[in-house]
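Topology and contacts: notes
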Amino acid sequence: MKKTLATALFALLMSSTAHASCSFQNTVPLKSLTAAFDAWKAVTATMAECGNVRSELDQDFRTKQPAAFAANPSLYHIGGVSNGTLVPLMNGGTIRPLDALVAKYGQDLQPNQLIKVDGKIMSVAMDVNDQHLMYRTDILQELGIAVPTTWDEVLDAAAKIKASGKVAYPLGGTFKPGFDLGLDFTNLFLGFGGQFTKADNTPSINSPAGLKTLEMLKKIAAYMDPEYLVSDSTFVQKQFQQGKIAIANLWATRAAALDDPKESQVVGKIGLAAAPAAVKGGKPATTLWWDGIVIAKNITDAEADAAFRVAIAGMGESTLKAAPAAAVWLIKGYTPTKYAAGAVASANGGAPPYPSSTVYGLVASAVGDGAADFLTGKKTAEKTLADIEAAYLVKAKEQGLVK
Amino acid sequence: MITARALRTPIGLQLVVAAFLAVWVVAAMFPLLWTAVMSFRVPLDALSSDPLVVLLGPATRASAMGISWLDLLLEVAAVVVVFRITSRVMRPMAVQYAPFGYVPLGWAQAAISCLGLGAIMLLVVVPMLARSLDTALASVPIIGQLATPAIGITLEHYRAVWITHQFYHNFENSLIITTGVVTVSLTVGTLAGYGLARSGGRMAFWILMLALVFRALPHSVLVTGYLPMFLSSRELLAPLWAAPVIGTVMHWFSAAPPTLYGQPWAIIIVLVSINQPFTIWMMRSFFDGIPTELDEAARVDGCTHFEAFWRAIIPVMWPGVITTGLFSFLLAYNDYLVTSLLLDAQSQTMVPAISQFLNRDTSSADQIEAIAAAVSITAPLFFLVMAFQRQIVSGLTAGAVKG
Amino acid sequence: MSIFIALPLIGVFIESFYSTQPVFETVDVQSCTPGFTGQTCTTETKSRPRFDANGAPIVATSFIGVQAYRDLLQPDAVVRAFGPDGGGLWALLSIDFYAALRFTVTFTLITLPLVIGFGLVVALAVNSVTRKLRGLVIFAALLPFIITPVIGALSIRWLFIGDGILTAAIRAIFNSNISMFAQGWTIELLMLTYRVWHVAPFAFVVFYAGLQTVDQDTLESAIVDGASRWERLRCVIVPHLMPLIVFVALIHLMDSYRVFEEVVGFSSQAHRISLQFLTFNFLTPDQTGNRAITRAAASSMLTMVGIVVLLVPLITHAWRTQRGRR
């Protein structure tokens with residue numbers, strides 16, 4: 001026990017000293033606001049090596065970024081975004097096109113890293129991310145369960161695991177109301193072939209696909225820790241690490257943490273696969289995300305120059321070397337680690353990209369806030385969906401998207 | 001003495017009272033003490049569901065540092081001794097060594113020196129003493145058991161919070177905001193409270209009633225009013241900067257109108273507005289308790305209105321000011337709603353910054369760091385109660401609660 | 001005071017009738033996202049804001065009357081709820097605003113007597129303890145009141161969440177498999193407990209201060225008259241403390257009506273929300289980066305109406321005594 005702890009401690013020390021170095025010396029004071037998962041920790045650590053960079057890592061960045069970037073001068077120079085959180089910044093007109101900067105400093109970038117909207121490069125992506133299946137290989141093997149490919153199979157497996165009593169709760173899931181639950185709903189809803197809105201932006205959530213999605217969510221929840229409504233990604237990650245759950249649909253960026261001996265009790269027992277499909281033979285019921293950086297508009301050009309160089313350095317080879325398993329990187333020279341298997345499988349299975357648009361942003365907010373009412377038994381499925389549509393309509397009308 | 005005997009409590013009731021108080025004190029302290037204990041343990045111990053493991057911290061002892069029962073005993077004894085000495089010495093020290101004969105300054109001086117000496121005593125002298133005692137006693141049979149390390153302790157989370165994550169920035173912001181709020185609201189509160197207490201007309205009554213309604217106002221209402229202004233203050237304030245005379249004055253402060261969102265000093269305005277009704281109300285009831293004869297006597301002696309206030313009232317108003325000041329301090333220091341909505345991640349005070357720690361919570365260590373941050377925020381409050389406990393009670397007795 | 005409080009209030013009032021929104025246009029946008037082998041570029045018809053020459057989005061402000069209030073109060077849904085098979089009260093309480101109102105009001109009314117009761121009992125108990133111990137007991141009892149509310153709530157949450165040690169203890173004692181954060185009523189119970197824990201010390205200090213000024217002569221004559229302990233408490237001490245009890249009740253009424261920190265600290269928004277949290281939620285940007293300022297203003301106004309209704313009896317009472325004094 002003592003020895004393993006000592007080695008763990010040693011590894012910790014090494015990991016914090018073996019910092020990747022930055023290729024140039026930055027002299028302009030810069031600030032960044034990004035999410036806080038391991039990939040961002042790695043990227044911001046490299047950025048800090050360039051000097052004069054202060055990084056804020058915050059999982060709540062999506063609510064803080066719009067106002068902070070709208071300020072003049074912007075409170076941050078560099079922002080970490082994903083396809084879902086790029087929209088508010090685009091709508092606010094608070095980030096700058098990067099074409100000139102990419103031409104100047106972006107020799108090492110790969111073409112598929114450049115996120116173009118309407119012909120202009122608005123962001124540079126660093127990794128691809130999705131929620132996919134993670135499971136305990138030892139438990140599935142012992143009980144003779146094949147790796148599930150649809151959610152119905154997941155439920156069957158869960159029933160068997162529950163009967164065996166091997167873990168406290170067979171399933172885990174990010175069901176916290178708001179963003180997390182909204183995304184789970186989205187994944188399944190699209191998997192059932194649903195369409196969120198019609199051409200005139202009026203909602204069509206109250207549909208057979210919506211009903212099936214809610215029913216499925218409830219069936220999944222029945223196999224989860226009853227406190228599932230406070231369960232976000234970190235909660236599920238910890239449940240896995242402490243050996244309390246056996247199967248979950250979780251972010252690819254969390255996979256490496258499950259194999260981290262410092263925190264996890266299930267090292268080497270985690271398997272990854274494509275997200276289960278909603279219907280037999282369907283595409284994996286998940287959405288593909290990318291994470292990347294943007295540069296604020298309300299800063300001087302000199303600052304933007306420095307910020308871009310620092311950000312590019314953060315997404316460079318040295319980060320890849322320091323944390324090869326932290327994400328499914330898009331960085332040049334990346335060779336997929338075993339932790340990329342799930343994401344690659346989902347993508348190859350044809351999972352759609354996350355719908356990033358203003359309309360969908362409103363849908364996601366309404367769904368995330370409203371879907372819990374069905375799970376808690378407060379409302380019937382039809383009433384829940386009708387109320388979600390009503391909540392969406394209020395917002396959409398407020399914004400002038402629906403007449 | 002019939003009365004004394006009759007007032008004496010029967011033994012049964014005494015026992016009930018003692019038991020009740022014991023339960024109450026435990027209930028009052030337990031969550032806080034437990035949180036404090038958790039912050040000194042490595043995640044494996046802190047998050048254990050076995051209370052003994054949390055208390056003794058075996059993994060912490062193995063990986064970081066352990067202290068013996070003897071050390072703990074010594075430390076506790078030292079805390080009690082230091083506390084008793086300070087509570088005796090503070091008042092005479094404050095009065096006798098007051099610089100320029102000004103008592104409040106004397107209090108500040110006494111507080112700082114007591115805190116400093118106490119800290120050196122508790123954090124340096126006693127641990128060193130304990131260490132040497134441990135080595136001396138280690139070979140003695142039974143006592144030696146007590147002198148060997150038994151309880152694990154680690155300071156790594158505090159180091160991470162204060163040094164790695166630069167919590168002192170948040171501390172600075174808290175300091176700016178609380179100082180500003182306490183100074184402004186006490187100044188305004190004292191003057192307005194005095195005026196209202198001495199005028200007593202219909203006007204004064206309605207002002208007080210208005211203050212009451214404002215006191216009851218949910219803070220979110222005010223924030224709703226301030227937020228849009230703060231976000232677009234640059235445009236709103238532009239005319240001020242362009243105006244002929246005022247503009248010149250304004251240019252002394254900054255070249256362009258500031259964005260108030262994310263400025264700690266701008267928050268002072270909002271918090272003072274929230275706090276002011278209460279301060280005025282409290283100071284008014286307090287001045288009501290000071291007999292009018294006092295300032296009338298001063299007026300007869302030939303003082304002006306202002307001189308009467310200065311000479312006759314100020315010397316006797318300190319208990320009220322301290323109580324009111326304490327409540328103002330608590331409001332500013334403890335606020336979450338206003339600061340989290342009007343400040344952004346990097347200009348935040350300590351309390352909303354906590355949620356940032358919780359939000360970057362992607363590993364178990366992050367969670368313990370959040371706990372360590374919480375304890376760090378609580379510690380100053382702890383000393384505050386210790387120092388001002390008597391003033392709170394006497395201040396409330398002296399009149400602030402009559403109204 | 002009037003500038004910094006009244007002006008924003010008027011601003012909020014006006015805001016609640018106007019809506020400011022970006023002007024959207026529907027265009028075909030080509031966007032490219034990364035895949036593993038190359039890029040996937042798609043052209044979609046999307047609604048996106050229009051920008052002016054400086055690149056700032058164009059916004060338009062329009063008068064919308066009481067629309068924001070209608071969105072909040074949903075009068076149609078209320079009528080439907082009480083119509084034939086509308087579901088009655090349950091249906092009403094599934095509308096956010098009424099759920100928040102229900103929680104806020106019951107929260108206030110349940111904690112009020114508990115806070116006053118506990119405060120009084122602790123004050124009496126402390127007052128009967130020898131002077132030597134008093135300082136220590138007062139110090140310990142005051143702590144929960146001084147503590148930052150969010151942190152106080154978190155410290156209790158950490159004891160109960162998941163396999164927290166107190167949840168584990170409850171499970172062991174009652175041999176049940178309860179999870180404190182799994183259903184609404186346990187969370188509500190925790191929130192109530194937390195609030196009493198947090199505020200009772202304030203009531204205690206005020207009452208304790210009041211007890212120091214009880215007229216000893218009256219007390220002695222009561223004893224001479226043969227009044228029992230209970231009678232002394234009821235006829236001498238409580239009447240003496242009455243103004244203080246009213247004061248504490250008033251402060252508590254105002255404070256617990258704006259209950260907010262509990263919702264954040266216990267992350268109870270899936271089960272229970274309060275009126276102030278409702279406004280806070282509107283003010284937080286949603287996934288398109290927009291804050292629903294109009295609805296926040298409307299809910300602020302409604303919250304304010306509530307507190308004024310709560311305070312009217314007190315104000316009229318004060319007015320009468322004020323006139324009586326002349």
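About the cut-offs
- Residue indices begin from 1 for each chain and proceed along its sequence in written order.
- Chain letters start at A and ligand numbers start at 1, both assigned in the order the entries are written.
- Restriction of local features to residues with pLDDT of at least 70 applies here, the model being predicted, together with a cutoff of 80 or more for giving and counting side-chain atom pairs; totals for whole chains, interfaces and linings are based on all residues.
- Helical segments are the DSSP runs of H or I of at least four residues, strand segments are the runs of E of at least two, and each set is numbered from the N terminus.
- Atoms counted for the radius of gyration: C-alpha only. Globule rule: 2.2 Å times the number of residues to the power 0.38.
- Think of it as a crowd count around each C-beta: if 20 or more other C-beta atoms lie within 10 Å the residue is buried, if 12 or fewer it is exposed, and in between it is partly exposed, with C-beta placed from the backbone throughout.
- Contact between two residues is assigned when their C-beta atoms, built from the backbone, lie within 7 Å.
- By this rule, a helix spans an expected 1.5 Å times one less than how many residues it contains.
- To obtain the bend at a residue, axes are fitted to the seven residues ending there and to the seven starting there, and the angle between these axes is taken.
- By convention the nonpolar core is taken to be a set of buried residues drawn from Ala, Val, Leu, Ile, Met, Phe, Trp, Tyr and Cys and joined through C-beta atoms within 7 Å.
- Strands are treated as partners if at least two bridges between them are detected by DSSP.
- Helix axes are fitted only over the stretch in contact, all axes being lines through C-alpha atoms; the angle between N-to-C directions runs from 0 to 180 degrees.
- Segmentation into domains, and thus their bounds, comes from an automatic or database assignment.
- Three categories are distinguished: nonpolar for Ala, Val, Leu, Ile, Met, Phe, Trp, Tyr, Cys and Pro, charged for Asp, Glu, Lys and Arg, and polar for the others, with Gly belonging to the last.
- Note on terminology: angles under 35 degrees are roughly parallel, angles over 145 are roughly antiparallel, angles of 65 to 115 are roughly perpendicular, and the others are oblique.
- The hand of a helix crossing depends on one turn: near helix anticlockwise from the far one by less than a right angle means left-handed, and clockwise means right-handed.
- Confidence of the predictor at the level of single residues is given by pLDDT, which spans 0 to 100.

**Quick word on the overall build of chain C**
- Along chain C, the regular secondary structure elements total 14 helices and four strands.
- Expected size for 326 residues packed as a compact globule is a radius of gyration near 20 Å; at 27 Å, chain C overshoots this value by more than 25%.
- Across its three principal axes, chain C shows a C-alpha extent of roughly 95 × 60 × 50 Å.
- Relative to its 326 residues, chain C shows a buried fraction of 42%.
- In chain C, the proportion of contacts linking residues at least 24 apart, taken out of those at least 6 apart, comes to 66%.

**Points about the overall build of chain A**
- When its secondary structure is counted, chain A shows 17 helices and eleven strands.
- A compact globule built from 403 residues should have a C-alpha radius of gyration of about 22 Å, and chain A, at 22 Å, falls within 12% of that.
- With respect to the three principal axes, the spread of C-alpha positions in chain A is 65 × 60 × 30 Å.
- Counting over 403 residues, chain A shows a buried share of 61%.
- For chain A, contacts bridging at least 24 residues in sequence account for 73% of all contacts bridging at least 6.

**Quick word on helix α15 (residues 264–288) of chain B**
Residues and elements named next belong to chain B.
- Compared with an ideal rise of 1.5 Å per residue, which puts 25 residues at 36 Å, α15 spans 35 Å between its outermost C-alpha atoms and is within 8% of the ideal.
- Of all the bends in α15, the greatest, near 40 degrees, is centred on Asn-275, and the proline Pro-277 appears no more than four residues after it.
- Counting buried positions along α15 yields 21 of 25 residues, so the element is predominantly enclosed.

**Side note on the nonpolar core**
- If you look at the biggest cluster of nonpolar residues, it comprises 310 residues, and the most contacted ones within it are Leu-271, Leu-342 and Ile-354 of chain B.
- Element by element, the count of residues in this core is highest for helix α9 (residues 184–211) of chain C, at 16 residues.
- Not counting chain neighbours up to four residues away, the residues in contact with Leu-342 of chain B comprise Val-223, Tyr-226, Leu-227, Phe-230, Tyr-261, Ile-267 and Val-270 of chain B.

**Points about the sheet that holds strand β8 (residues 247–251) of chain A**
Residue and element names in this part refer to chain A.
- Reading across from one edge, β7-β8-β6-β9 is the order of the four strands in this open sheet, with mixed pairing throughout. Because the sheet does not close on itself, it has two edges, and the strands there are β7 (171–172) and β9 (270–273).
- One ladder, built from four bridges, connects strand β6 (residues 131–136) with β9; its direction is antiparallel. Looking at β9, one finds that Tyr-135 is bridged to Gly-271.
- This element, helix α14 (residues 341–348), spans β6 and β9 of the sheet and lies at about 130 degrees to β6.

**Concerning the domain arrangement of chain A**
All names here are of chain A.
- Per the domain assignment, the segments of chain A are domain 1 (15–129 + 288–335) and domain 2 (131–286 + 349–399).
- In this structure, domain 1 and domain 2 have C-alpha centres spaced 29 Å apart.
- Elements represented by at least two residues in the side of domain 1 that touches domain 2 include exactly α2 (38–49) and α4 (83–92).
- Along the lines of polarity and charge, the residues of the side of domain 1 that touches domain 2 split into ten nonpolar, four polar and one charged.

**Some thoughts on the interface of chain C and chain B**
- Of the residues lining the interface, 69 residues belong to chain C; the matching set on chain B comes to 60 residues.
- For the side of chain C that touches chain B, the element with the highest residue contribution is helix α14 (residues 293–325) of chain C, accounting for twelve residues.
- Across the side of chain C that touches chain B, the residue classes tally to 52 nonpolar, 13 polar and four charged.

**Considerations on unusual backbone geometry**
All names here are of chain A.
- Of note in this structure, Asp-118 is not a glycine but carries a positive phi near 55 degrees.
- By secondary structure assignment, the location of Asp-118 is in the loop between β4 (114–117) and β5 (120–129).
- Look at Asp-118 and you get partly exposed, because 15 C-beta atoms sit within 10 Å.

**With respect to the pairing of strand β2 (residues 53–57) of chain A**
Residues and elements named next belong to chain A.
- Among the five residues that make up β2, four are buried, leaving the element largely enclosed by the rest of the structure.
- Of the strand pairs in this sheet, strand β1 (residues 30–34) and β2 are connected by five bridges, and their pairing is parallel. Of the residues in β2, the one forming a bridge with Lys-31 is Arg-54.

**Considering the domain arrangement of chain C**
All names here are of chain C.
- Per the domain assignment, the segments of chain C are domain 1 (51–94) and domain 2 (98–325).
- Between the C-alpha centres of domain 1 and domain 2 the distance comes to 32 Å.
- For the side of domain 1 that touches domain 2, the secondary-structure elements that each account for two or more residues are α2 (67–73) and α4 (88–93).
- If one sorts the elements of the side of domain 1 that touches domain 2 by residue count, α2 sits on top with four residues.

**Section: the pairing of β6 of chain A**
Residues and elements named next belong to chain A.
- Most of β6 sits out of view: six of its six residues are buried.
- As judged from the five bridges shared by β6 and β8, these two strands associate in the antiparallel manner. Bridge pairing links Gln-131 to Trp-251 in β8.

**Thoughts on the environment of Ala-273 of chain A**
Residue and element names in this part refer to chain A.
- Along the chain, Ala-273 falls in strand β9.
- We classify Ala-273 as partly exposed; it has 18 C-beta atoms within 10 Å.
- Separated by 130 residues in sequence, Ala-273 and Leu-143 have C-alpha atoms that sit 18 Å apart.
- With near-sequence residues (within four places) excluded, Ala-273 lies in contact with His-132, Leu-133, Val-147, Gly-342 and Ala-345.

**Let's talk about the packing of helix α16 (residues 292–300) of chain B against helix α17 (residues 305–313) of chain B**
All names here are of chain B.
- With their axes 9 Å apart at the nearest point, α16 and α17 run at an angle of 120 degrees to one another. The angle between α16 and α17 places the two elements in the oblique class. As α16 packs across α17, the resulting crossing turns out to be right-handed. Together, Leu-294, Asp-295, Ala-298 and Arg-299 of α16 and Ala-308, Phe-309, Arg-311, Ala-312 and Ile-313 of α17 make up the contact between the two elements.

**Re the environment of Leu-233 of chain C**
- In this fold, Leu-233 of chain C is placed in helix α11 (residues 229–257).
- Between the C-alpha atom of Leu-233 of chain C and that of Phe-145 of chain C, which follows or precedes it by 88 residues, the distance is 26 Å.

**Some remarks on the environment of Val-351 of chain B**
- Structurally, Val-351 of chain B can be placed in helix α20 (residues 350–359).
- Sequence separation between Val-351 of chain B and Val-26 of chain B is 325 residues; the distance between their C-alpha atoms is 25 Å.
- When residues no more than four places from it in sequence are discounted, the contact partners of Val-351 of chain B are Asn-334, Asp-335, Tyr-336, Thr-339 and Ile-377 of chain B together with Thr-148 and Val-150 of chain C.

**Digging into the confidence of the model for chain C**
Residues and elements named next belong to chain C.
- For chain C, the mean per-residue pLDDT works out to 83, and 97% of the residues sit at or above 70.
- The weakest mean pLDDT in chain C belongs to strand β3 (residues 39–49) at 75; the strongest belongs to helix α5 (residues 96–127) at 92.
- Overall fold confidence (pTM) sits at 0.82, and the ipTM for the predicted complex is 0.80.

**Digging into the packing of helix α7 (residues 149–160) of chain C against α9 of chain C**
Residue and element names in this part refer to chain C.
- Direction vectors running N to C along α7 and α9 enclose 130 degrees, while the axes themselves pass 11 Å from each other. Classified by the angle their axes make, α7 and α9 are oblique. Between α7 and α9 lies a crossing whose hand is right-handed. Counted together, Pro-149, Gly-152, Ala-153, Ile-156 and Phe-160 of α7 and Leu-190, Tyr-194 and His-198 of α9 form the full contact between these two elements.
- Here the contact of α7 with α9 is composed, by residue class, of six nonpolar, two polar and no charged.

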